[in-house]
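# Structural characterization, general
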Amino acid sequence: MPKHTPSMAKNKIRRSLVSIIDPYPSKSEVDQLWEYFESRCAYCGISINRGSRTGHLDHLIPSSEGGSNSIYNHALSCARWVIPRKLTAVKSRIFS
Ligand SMILES: [Zn+2]
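Each value, and the rule that gives it
- Residues numbered from 1 in each chain as written.
- Predicted model: local features only at pLDDT ≥ 70, side-chain atom pairs only at ≥ 80, totals over all residues.
- Helix = DSSP H or I, 4+ residues; strand = E, 2+ residues; numbered from the N terminus.
- Buried ≥ 20, exposed ≤ 12 C-beta atoms within 10 Å, placed from the backbone.
- Contact = placed C-beta atoms within 7 Å.
- Pairing = 2+ DSSP bridges.
- pLDDT = per-residue confidence, 0-100.

### Some details on the overall build of the protein
- Along its length, the protein carries three helices and two strands.
- Secondary structure elements in the protein, listed N-terminal to C-terminal, are α-α-β-β-α.
- For the protein, the proportion of its 96 residues judged to be buried stands at 9%.
- By sequence separation, contacts in the protein at least 24 residues apart represent 55% of the contacts at least 6 residues apart.

Have a look at this one:
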């Protein structure tokens, strides 16, 4: 299998262009998110050690559904909420 297929190249180009128009949160914005959520998972409240790299910035509205990379569309979450998109419905109920 080739290292880079045309499809992979297309996705990389698309992500690069999107990052210009809709940049990911800056380091200071990421710091603000950690502070806002008091280093706790927004969904289950578990304490997350920032140095452990188990915390994630999760899109509240997935980018596949039109959600932006804005700081306002992110929540701090532990690893168990990152996995399935199936949980989107659960997240929607929590934040509605
Ligand atoms: Zn959690």
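Now that the structure is up, let's keep going.
### As for unusual backbone geometry
- Residues other than glycine seldom take positive phi values, yet E38 does so here, at roughly 50°.
- Within the element layout of this structure, E38 appears in the loop between α2 (27-36) and β1 (56-59).
- Unlike most non-glycine residues, S39 shows phi in positive territory, near 55°.
- If you trace the backbone, S39 turns up in the loop between α2 and β1.

### Examining the environment of I48
- When you line up the elements, I48 lands in the loop between α2 and β1.
- A tally of 20 C-beta atoms within 10 Å means that I48 is categorised as buried.
- Distance from I48 to E38, taken between C-alpha atoms, is 9.0 Å for residues ten residues apart in sequence.
- In this structure I48 touches S39, R40, C41, T54, G55, L76 and C78, once residues within four positions along its chain are discounted.

### Side note on the pairing of strand β2 (residues 74-77)
- Side chains H74 and L76 of β2 all project onto a buried face; the interleaved residues A75 and S77 project onto the opposite face, where all are buried too.
- The pairing of β1 with β2 spans four bridges and is antiparallel. Considered in β2, the bridge of H56 is made with S77.

### A look at the environment of S77
- Position of S77 among the secondary structure elements: in strand β2.
- Along the backbone, S77 and C44 are 33 residues apart, and their C-alpha atoms lie at a distance of 8.1 Å.
- Other than its neighbours up to four places away in sequence, S77 contacts C41, A42, Y43, H56, D58 and V82.

### Observations concerning the confidence of the model for the protein
- Of all residues in the protein, 83% have pLDDT values of 70 or greater, and the mean over the chain is 85.
- Within the protein, the lowest mean pLDDT, 64, falls on helix α3 (residues 88-94), and the highest, 96, falls on α2.

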